[in-house]
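Coordinate inspection notes
Listed here are the chains, written in short residue letters.
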Amino acid sequence: MALCVLSIAKQVSAQQAGTVKSENPPAIPLQHCTKGQAEQAALVLDANWRWVHNVGGYQNCFTNGEWNQAFCPDPETCRKNCALEGIDAKGYSETYGVQGLPEGVELKYVSPSGNVGSRLYVTDGVDAYKTFKLLNREFTLDVDVSKLACGMNGAVYFVEMDPLGGKGKNHNAAGAKYGTGYCDAQCALEKFENSEERGICCAELDIWEANRHASAYTVHPCSTQGPSRCEGIDCGFGEGNRWSGLCDKDGCDMNPFRMLNKSFYGPGDEYVVDTTQPMTVVTQFLTHDGSDEGTLSEIRRIYLQAGKVIAHANSNVNGVEGNSITDEFCNAGKAAFGDFDHHQAKGGLRNMGEAMKRGMVLTLSLWDDGATQMRWLDSTFPPDAPAEQLGVLRGPCDPMVGTTDHLRQHTSDAWVRYTNLKYGEIGTTYAAGGRRLESRTLVV
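Residues numbered from 1 in each chain as written. Predicted model: local features only at pLDDT ≥ 70, side-chain atom pairs only at ≥ 80, totals over all residues. Heavy atoms only, no water.

Turning next to the environment of Leu393. Along the polypeptide, Leu393 turns up in the loop between helix H6 (375-378) and helix H7 (404-410). Sequence-wise, Leu393 and Thr380 are 13 residues apart; in three dimensions their C-alpha atoms are separated by 4.6 Å. Discounting residues that sit within four places of it in the chain, Leu393 has contacts with Phe257, Arg258, Lys262, Ser379, Thr380 and Ala387. (Helix = DSSP H or I, 4+ residues; strand = E, 2+ residues; numbered from the N terminus. Contact = heavy atoms within 4.5 Å.)

Below, the structure is given as structure tokens:
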């Protein structure tokens, strides 16, 4: 099988949208390596970041966290009365900090106009999300997290969203072209829903969540097929209900620091993967029999940096073996850390593989975390658990540095870059000619 060389897709021109701005999303180069060709693709900003105003007018429907009761006395009326506005090229770069690059995109933490973070979806360049089916395939991209401090998360992940963004349902006339229809394993709250007891759940596959101090990739299976509306316990909302919902919110994660391989990933050449430099991240989705119809059995990570091919770090936790996500690794990790095994309760890798067969939407984001300060990624979590308890320490960060107030005051110039997106059959998206460096097992 031939390796692919990235070529640049042409800029996509959006059709007329809204009454004020024409939607003009940035193109994103995407290479299908099995076919050896570039595919048309673009990035669209999630609906939650957009201006929402009354249909045919200019009055805000949503201001400072409150809905305008004249237009939104209830969710159904709000959907009828309010419109999601388009974003032009200047708006993407200046208002939202989404800057197209020749080989990808840069997401600014705080945009020139003051907006914080962003979440974007890969589309077909027209009016639908691109659906990826990656069983027995690999996905590769270059990432630069050198500017991301503790408490930040540059995330790349797949969710089982509706390819049309829910267009034509529940008074949704906007659809994927305007970034609607988000769902995830946390059962995300909907834009036009004023109840915090209702959400939308779907399977979630986090292939990259990271800053320059910590990283993880995580599997979140659900007992759903596609986006599913939920309420209360089914969402996993409410005290004591986290493990009663439709989705595995905790997931099964592979975090080298948590697995006691603390010298693998971090800023500086003393680490195996040096986060002060860009890196190539390869994620392989292997089936039990090596076929496209097989059962998902392993998710494997490979890095490329400075001419070296680097295997992911091995676990140094007693009784938890391996350097990739398998059901055996997940089961052993849950037992070692004393965590409730919601992963197996929701079908484990087999169930995640079924979602991958149906197709998932690629999401690129940069965000901070007002609820937990991203402690679950790079610090101690749960917050009230002792740091010396096995599995609690996820990274080296002081949680006080990860508060939103601190980050927005001291690191507002941060950014993350995602470039050279590729997918294809196993072994086609990267050159393995570099010297292979096995992951270290040193505990520090």
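So, on to unusual backbone geometry. It is generally the case that most residues other than glycine have a negative phi and that most peptide bonds are trans. Omega for the peptide link from Phe381 to Pro382 comes to 0°, which places this bond in the cis form. Tracing the backbone shows Pro382 in the loop between H6 and H7. Phi is positive for Asn136, close to 60°, though the residue is something other than glycine. Turning to its location among the elements, Asn136 is positioned in the loop between strand S11 (131-132) and strand S12 (137-144). Classification of Asn136 as buried rests on a relative accessible area of 15%. Unusually for a residue other than glycine, Met374 sits at a positive phi of about 60°. Inspection of the secondary structure puts Met374 in the loop between strand S24 (360-368) and H6. (Buried < 20%, exposed > 50% of the residue type's maximum accessible area, 1.4 Å probe, protein only.)

Predicted coordinates in regions of low pLDDT should not be interpreted in detail. Averaged over the protein chain, the pLDDT score is 91; the fraction of residues at 70 or greater is 93%. With pLDDT under 50 throughout, residues 433-444 is counted as low confidence; its partners more than four residues away or in other chains account for 35 contacts. (pLDDT = per-residue confidence, 0-100.)

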